[in-house]
Amino acid sequence: QVQLVESGGGLAQPGGSLGLSCAASRYVFRINSMGWHRQAPGKQRELVAVIARDGDTNLADSVKGRFAISRDNGKNAVYLQMNSLKPEDTAVYYCMAVLRGGSTHWGQGTQVTVSS
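Because the structure is a prediction, the values reported are computed rather than measured. (Residues numbered from 1 in each chain as written. Predicted model: local features only at pLDDT ≥ 70, side-chain atom pairs only at ≥ 80, totals over all residues. Heavy atoms only, no water.)

J.: Please provide a residue-by-residue account of the state of the cysteines, values included.
T.: What the rule picks out here adds up to one disulfide. A sulfur-sulfur separation of 2.0 Å characterises the disulfide bridge that pairs Cys22 with Cys95. What sets the handedness of the Cys22 and Cys95 disulfide is the S-S torsion sign, and at about -75° it is left-handed. Placement of Cys22 in strand E3 (residues 18–24) and of Cys95 in strand E9 (residues 91–99) is noted, with a sequence separation of 73 residues between them. Given a relative accessible area of 1%, Cys22 falls into the buried group. (Disulfide = S-S within 2.5 Å. Helix = DSSP H or I, 4+ residues; strand = E, 2+ residues; numbered from the N terminus. Buried < 20%, exposed > 50% of the residue type's maximum accessible area, 1.4 Å probe, protein only.)

J.: Run through the pairing of E3, naming residues and quoting values.
T.: Side-chain alternation along E3 places Leu18, Leu20, Cys22 and Ala24 on a buried face and Gly19, Ser21 and Ala23 on a face that remains uncovered. Taken together, the five bridges between strand E1 (residues 4–8) and E3 define a ladder with antiparallel strand orientation. Each residue of the ladder has a partner; that of Leu4, found in E3, is Ala24. Strand direction decides the pairing type here: E3 and strand E8 (residues 77–82), joined by six bridges, are antiparallel. In the sheet register, Leu18 faces E8, and the bridge partner there is Met82. (Pairing = 2+ DSSP bridges.)

J.: Outline unusual backbone geometry, supporting the account with residue identities and numerical values.
T.: Phi is mostly negative for residues that are not glycine, and the peptide bonds are mostly trans. Even without a glycine there, the phi angle at Asn76 is positive, about 50°. As for its position among the elements, Asn76 is in the loop between strand E7 (67–72) and E8. Even without being glycine, Ser84 reaches a positive phi, approximately 50°. With respect to the secondary-structure elements, Ser84 resides in the loop between E8 and E9.

J.: Report on the pattern of salt bridges, specifying residues and quantitative values.
T.: This structure, assessed with the given rule, holds four salt bridges. Between Arg38 and Glu46 there is a salt bridge whose closest N-O contact spans 2.7 Å. Arg38 sits in the buried class, given a relative accessible area of 6%. Taking the shortest distance from any N to any O, the salt bridge between Asp61 and Lys64 comes out at 3.1 Å. Residue classification places Asp61 among the exposed residues on the basis of a relative accessible area of 65%. (Salt bridge = Lys/Arg side-chain N within 4 Å of Asp/Glu carboxyl O.)

J.: Could you give an account of the environment of Lys86, with specific residues and numbers?
T.: Tracing the chain through its elements places Lys86 in the loop between E8 and E9. Exposure remark for Lys86: the relative accessible area of 35% places this residue in the partly exposed category. Here the alpha-carbon distance between Lys86 and Ala97, two residues 11 residues apart in the chain, equals 26 Å.

Encoded structure:
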């Protein structure tokens, strides 16, 4: 079982920035795509950003131009830099990794709150 350990998140003011990090707790031979989803209260979980092993990225329209995703394959880690935060970015953010065999693994979630 692959454990994804998240860090970062917390409270930010509108217009502020936060960074999220996520890494596999043990070496994983091959992780294909990694990414972040989020779930706000009363809403379905939605894709925020995903990055392929070769660095190709895909971001939700709602965060394009504000968020950036990156990864370090050697560390089996993925990062999300969030700038120009808005109250509607408030959610629990989940790290996700898809392994070579196709299985999907999730982190425990970290809270991001954007409020003045």
